[in-house]
Amino acid sequence: MPEAEAPGRSQENINKVTNVQMMIVSRCIGGDWRALCRMLPGKVIPEHKFDQLLEEHRSEGLCEVAYRALDFWRETRPQEATLQNLCKTLTELNYTSVAELLENKF
């Protein structure tokens, strides 16, 4: 008999990047947020958007800027915004420990 799905989580949403996962990544990558976002599948964030995010959220710190950039990716590229793609990109940027944390925790 198939296992019941968790309430509110459809099979297609299981691997989508969550707010908590984005928060963990944003705290770990700090100033490398632009490099991460440039390498994410879909390459959806144009350079002017980087500048806009930095200007709008600079006073809140780089963690918030990174979080907002990841959120922009998730909103504009929902099919690519998966935990697997995020972890693959983190590994490519030598943030293997962050990728492993996400993979083991979620």
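It should be emphasised that the depicted structure is a prediction, and the values quoted were computed from it without experimental measurement. (Residues numbered from 1 in each chain as written. Predicted model: local features only at pLDDT ≥ 70, side-chain atom pairs only at ≥ 80, totals over all residues. Heavy atoms only, no water.)

Caption draft 1: Structural detail: the pattern of salt bridges. Per the stated rule, a full pass over the model turns up five salt bridges. A salt bridge links aspartate 51 to arginine 34, with the shortest nitrogen-to-oxygen separation between them at 3.4 Å. With aspartate 51 in helix 3 (residues 47-57) and arginine 34 in helix 2 (residues 33-39), this residue pair connects regions lying 17 residues apart in the sequence. We classify aspartate 51 as partly exposed; its relative accessible area is 45%. The partner of aspartate 71 in a salt bridge is arginine 74, and the shortest N-O contact between them spans 2.7 Å. Here the residue aspartate 71 and the residue arginine 74 both occupy positions in helix 4 (residues 62-76), the gap between them amounting to three residues, near one helical turn. (Salt bridge = Lys/Arg side-chain N within 4 Å of Asp/Glu carboxyl O. Helix = DSSP H or I, 4+ residues; strand = E, 2+ residues; numbered from the N terminus. Buried < 20%, exposed > 50% of the residue type's maximum accessible area, 1.4 Å probe, protein only.)

Caption draft 2: Quick peek at the packing of helix 3 against helix 4. It is at 9 Å that the axes of helix 3 and helix 4 come closest, and there the two elements cross at 135°. With respect to each other, helix 3 and helix 4 are oriented oblique. Crossing geometry of helix 3 relative to helix 4 is assigned as right-handed. For the pair helix 3 and helix 4, the contacting residues are Lys49, Leu53, Leu54 and His57 in the first and Leu62, Glu64, Val65, Arg68, Ala69 and Phe72 in the second. (Axes fitted to C-alpha atoms, helices over the stretch in contact; angles between N-to-C directions. Parallel < 35°, antiparallel > 145°, perpendicular 65-115°, else oblique. Left-handed = near helix turned anticlockwise from the far one by under 90°. Contact = heavy atoms within 4.5 Å.)

Caption draft 3: Unusual backbone geometry, seen in detail. A positive phi angle, close to 65°, is found at asparagine 94, a residue other than glycine. Relative to the assigned elements, asparagine 94 resides in the loop between helix 5 (83-92) and helix 6 (96-105).

Caption draft 4: Structural detail: the nonpolar core. Within the largest apolar cluster, 28 residues are counted, with the highest numbers of intra-cluster contacts made by Val25, Leu86 and Leu90. Of all the elements in the fold, those that place two or more residues in this core are helix 1 (19-29), helix 2, helix 3, helix 4, helix 5 and helix 6. Broken down by element, the residue count for this core peaks at six residues, all from helix 4. If we skip the residues at most four places from it in the chain, valine 25 touches Leu36, Leu70, Leu86, Leu90, Val98 and Leu102. (Core = buried A, V, L, I, M, F, W, Y, C linked by side-chain atoms within 4.5 Å.)

Caption draft 5: Up close: the packing of aromatic side chains. Enumeration according to the criterion identifies one aromatic pair in this entry. Relative to phenylalanine 50, the ring of tryptophan 33 lies with its centre 5.5 Å away and its plane at 80°, an arrangement referred to as edge-to-face. On the criterion of sequence distance, the pair formed by tryptophan 33 in helix 2 and phenylalanine 50 in helix 3 is long-range, its members being 17 residues apart. Since its relative accessible area comes to 0%, phenylalanine 50 is described here as buried. (Phe/Tyr/Trp six-rings, centres within 6.5 Å; stacked < 30°, edge-to-face > 60°.)

Caption draft 6: Broad picture of helix 3. Here helix 3 has its buried residues at Lys49, Phe50, Leu53, Leu54 and His57. Viewed end-on, helix 3 has its buried residues packed into an arc of 135°, placing them on one side of the element. Facing away from the buried surface of helix 3 by more than 90 degrees, the exposed residues are His48 and Glu55. Where the residues of helix 3 are buried, they touch helix 2 and helix 4. (Arc of directions from axis to C-beta.)

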